[in-house]
Structure formats: C-alpha cells, structure tokens
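The chain contents come next:
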Amino acid sequence: MADKFEENFLRTFLLVMKFGTMVLQQQIVFELYQKWQTVLDFLKEKKHDILHLTLGKHNCCVSNCQTKRSSGLPKRLLSVMYQNVNRSCATRFAYHCSCYFTPKTDVSTWDITLTSRLLLEYFVKDPSLKQDIENLRAHRNCLCHPEKPGMDEKEFGKIWGEVSCTIKDIARKCEQWFSYYIEKEVDFLECNPISSTELDRTKDVWMKINKADGDELTELPNLISELISSLHKENTEMKNITWYAEYSLQSHCKKKDYTEPERAMKHSLKQLEEYKTICVVGNAGSGKTRFCLELMSQFQKKHPDLIALILTDSNEWRKLEFNQKTIIFIDDVIGRSNLDNDAFNSWRRVFDLMSCRLGSVYIIFALRNCIWQLKKHDLIEYSLFSLNDPVDLSGSEFAMTSEEKLKMLKTFCIKYGVKIDYPLPLEKVSRSTDSDVKRINFETLNTIANMELRKGFPYQCVMFFSRANYIREESNFFYKQCFYHEKEQVDDILRREKYLHYAVLIFFFLKGQCFTRDEILQSQPEISIIAENGHGRTPVQCRESYEKIKKLWVKRTCVKWSDDNFIHWY
Ligand SMILES: [Zn+2]
Ligand SMILES: [Zn+2]
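Residues numbered from 1 in each chain as written. Chains lettered and ligands numbered in written order. Predicted model: local features only at pLDDT ≥ 70, side-chain atom pairs only at ≥ 80, totals over all residues. Heavy atoms only, no water.

Q: Tell me about the packing of helix 1 (residues 4-34) against helix 5 (residues 127-144), residues and numbers included.
A: Where helix 1 contacts helix 5, the axes come no closer than 10 Å and their chain directions differ by 145 degrees. Along this stretch, helix 1 crosses helix 5, giving a crossing that reads as left-handed. Together, Phe9, Thr12, Phe13, Val16, Met17, Gly20, Val23, Leu24 and Gln27 of helix 1 and Leu129, Ile133, Leu136, Arg140, Leu143 and Cys144 of helix 5 make up the contact between the two elements. Of the residues belonging to the contact of helix 1 with helix 5, the class tally is 11 nonpolar, three polar and one charged. (Axes fitted to C-alpha atoms, helices over the stretch in contact; angles between N-to-C directions. Helix = DSSP H or I, 4+ residues; strand = E, 2+ residues; numbered from the N terminus. Left-handed = near helix turned anticlockwise from the far one by under 90°. Contact = heavy atoms within 4.5 Å. Nonpolar A, V, L, I, M, F, W, Y, C, P; charged D, E, K, R; others polar.)

Q: Could you give me a rundown of the pattern of salt bridges, with the residues and numbers involved?
A: Taken as a whole and judged by the stated rule, the model has 18 salt bridges. For arginine 172, the salt bridge is made with aspartate 169, and the minimal N-O distance between the two is 2.7 Å. Of this pair, arginine 172 and aspartate 169 both sit in helix 6 (residues 153-172), three residues apart, which is roughly one turn of that helix. The class for aspartate 169 is partly exposed, based on a relative accessible area of 31%. A salt bridge links aspartate 204 to lysine 208; its shortest N-O distance comes to 3.5 Å. Here aspartate 204 and its partner lysine 208 are both found in helix 8 (residues 196-211), four residues apart, which amounts to about one turn of the helix. (Salt bridge = Lys/Arg side-chain N within 4 Å of Asp/Glu carboxyl O. Buried < 20%, exposed > 50% of the residue type's maximum accessible area, 1.4 Å probe, protein only.)

Q: I'd like a rundown of the sheet that holds strand 6 (residues 361-368), residues and numbers included.
A: Pairing in this open sheet of five strands is parallel, and the strands run 4-5-6-3-7 from one edge to the other. The open sheet has two edge strands with one neighbour each: strand 4 (307-311) and strand 7 (391-392). With two bridges joining them, strand 3 (residues 277-282) and strand 7 adopt parallel strand pairing. Bridging across to strand 7, valine 281 finds its partner in aspartate 392. Contacting strand 3, strand 6 and strand 7, helix 15 (residues 369-379) crosses the sheet at an angle of about 125 degrees to strand 6. (Pairing = 2+ DSSP bridges.)

Laid out in structure tokens, this is it:
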C-alpha cells in the first residue's frame, strides 16, 4: 500500500505520462490535420530526415548527402515509428540507412521524448507553445529518474499546478472539444482518489522506466499506450461520451442565438414523449443539429433525471451502461452529405438492440433529406423509424414560419451589431449616417423572411451576417444563394460523371430556370440526348460553348463564375 508521500508522486507521474503524452500526440495529429497530411504521409516524407536526427555528425547511406542534424533522438525510437529499421541497402551502412523504413502509424505508442522532439523539430513555431513542450519534457525526465518515488505536500502542490497548467495550455492549441475533455480529465484526476490497483500499475510502469537505461527500454511504447488506454477504461469511454454531449449542449445554449421552429418543436416534444424515438430530417443548412440539441435540452428540463448523450459511432452503443435513464442524439446517422453504407450497416445491427432499450432510453435521429430519401425503405423496416413520419425541418408542415425567420434575423442583427432602421413616422427625424455602423432596413428583413428558399434558412443567415458586404447586398444575397445552391447541386452531379457535366450545363441553360436536384435527375432522358449530340464536338468547340455558357451564366445570375470545377475538363 502506497503512503501519502508515494501516492503524491505516482499521481503526478500518472498525470504527466498519461495526459502529457496524450496532448502531445494529439498536437501532432492536429498539426498534420491542418496541413492536410496524415501520419503516414508525414513519416514517409520525413524518413530520411528523421534518420538523421539519430545520426548527429555521421553520414547516411546516400552518397553526397549533406544533411546534418544535431543528434539526440535515441535510436530505439526509430522502431516506434518504422518497421525494418535494422535493414540497410549495404551492410556497411547498417543503422545509417532509411531505405527500407516503412511507417507504423500508431501514434498512441509514441512517448513524450519522441512526440516533443518531432513537434519542436517539424511543427511548432509559436514560442510559448515551444516552451510548454520543453517544460513538459523536463518534468517527464525529472519524474522518471529519482531513486525512490515520493513527494511531500508542498512539492506536490507546486509541481501538480505547473504540470496541469502546461497540459491544459497545450490542449487549448488543439481542437476545442479535446481541450474541454483534457481539462475535465485532469480535474477529475486531481479531485478523485485513485484505486490501489491503479496505483500499483502506475508504480510498476514507473519502476520499469526508472530501471531501464535509455536504449534498452524496448517495451516503453507498449507501456505508454497501455497506461493511456487501460486505466479505468470502460469508465473513461462512458465519460467521454457524456462530456461530449455536455460540451455540445453547453455551447449550443451559450450562443443564445437560437430561434426554434415552434411547430416542429411542439410536435417533436410530444412525439418523443409518446413514442420515445424521433427522426428529424431536413435539407443542408436547415438547422437539424441545433434543433436536436434544443430538443434534447428542453426535454431534459422536463425530465431532469435523464442523462444526455451524443453518439457518433455505432460502436459506442455497446459501451453504454444503461444504469440511468438516457436521452440519446445520433446526428447524421448514416453519413453527412453522402450515404455511408458501412456506417449504415453497422448501425443496422444496433437498431434492434435499441428497440429493446426503449423502456429507459429516448432516441433522436437526425438525417439529411437526401439520405433519408435514399434509405427510407431500409429504415422503415425498423420500428424505430416506422411508427411516425420524420419531422421535416424543410417541409411545409414544420419549416420556420416567416415570423420565426424575422425573429431569427433580428437576433442575428443584435449578435452582429447590425442596426435595424424601422420605417420613420411622418415627422422627420434625422438619421445618423455613420458609415461605421452596419445597418439594414426593417423592410428588407421582412422581404428576406418571406422569401422562398431552397437552402436551409439558418445556414444562410450565418453566411449573410458573416460579412459586411453580404449585408450590404440585402435580399439580393439570398436570391443569389438560390443560384449558388442550384449550381452546387449541378456541380455535384457533374463531378461524378465526366461528360454528363457538359450536357447538364447545356440543359440547364437551354431551360433557363432553377431546377432542384430531383428535377434534374428526372430530366435524364433529355440530358442524355444532349450528351450524345455533344460527343462529336472537338475540344475547341467545347471550349467555345463553355465560354458562351459562362457569359450567359454571369448575365443571368449576376453570380461570379468559378472555374475551379470546370476548367480541367477541357
Ligand atoms: Zn542523408
Ligand atoms: Zn540506404
């Protein structure tokens, strides 16, 4: 049994080795993500350079290679990143050759020594972040090397404070959600007792690292990933799911800019109460996610005993403990804009399990309209979906009314500091024409609120208020958005078929009106006639017609044409 002295030490050690390691791993993944790179890409690209990190002044196998790096990366770490590190193109270059390196991509086995070195070497430029990473590495080294594990209260308080702040600071540079998670976890570790099994396990890891002498420690990667994943595992996964929901609900409510479609909300609350499940559908941008979050939080207010959870993967269902009543929200069940058949199949296996749980579970599904249409027949085989029609946020029955749209516009005006000019009474009041203040006419708002829009209204509002020059365009902006929307849909079809694109464009302009995606799909026979006729054209003719169409487009819609999607076809 560990005494207080030893427990203090092991707790700090656990903090550094578990969460310190995690934030640095996450930082690497996040940096790569921002550069549109994967770990695999990175390791492939840098294998020669990384080899040099272990070579110092020595040469590699490449003749005339001028690369020289300050040494310091222990050789053993190469095998954490690559397979075949012992092979070489010639025996005399053994351990000086990266020719056969094949990347391993399991970042979860990378310890602080490795992640910090890679981050400082290849990714991080920000001096304060650099300092944080150095500090973390220094703490790690200090904690690994004392003779006996122990820490008095005063030292414990000081080091804990430093380390936990550093970890949280680094996490803040990653995604918001991750940072929220790390803060919760670190605070949890600070305030809750650790079981004696966990302490023993931590001590075991500490002793192995402490005894080993640098290069000898071949099992370190496994120890690290074990340490991260094994400790109170089930518990942690459940906590993650809960915290993610908490975080999403909190940030939804904090924004205070939500205008609910009242008819849909009333109906949904009632249906959820009666049938325990509800399926919410809508076009892109119709505000499904926020609607469902709002629905969840209102429902939770009526039933304070409910725990809210948001699932993003079908595997998560099996991790739930069901020891309490739960309300679950599953967003974009089977893919966001394109149908994800694998996701669909794995959820399908869970649907039956769900039906059995409906005694203590409420479930909200959200789907895009196009996906619902595609999978309707499969979905209504399950009672979860067949008992009621979905609530369609874009349909006439439940979409936002003009009053609600107006309310939403006003809310956005307040949020973005846009002044609304109301019609003046007859006696003239001079109106300030301060050009710094963004303003909009009440009449304009009214016009916008009454427009028929194809794309989701909430999304367009967000766009509209995001730039001053959009606001200056007034209702024209929304009008143009219709064209953009049609164009996006056409682009989407075009991107899939190389030649069809051209035919659809011509069709589109021959008709000279807006089409929905469905209408275009229905016009396929007509389009294929145009496509067949088009086959005889030379590239030059195509180019010419393309230019004509482009001009026509601009003339008709006043929307700037982007060549990005089109130019490479010719
Ligand atoms: Zn070299
Ligand atoms: Zn070589």
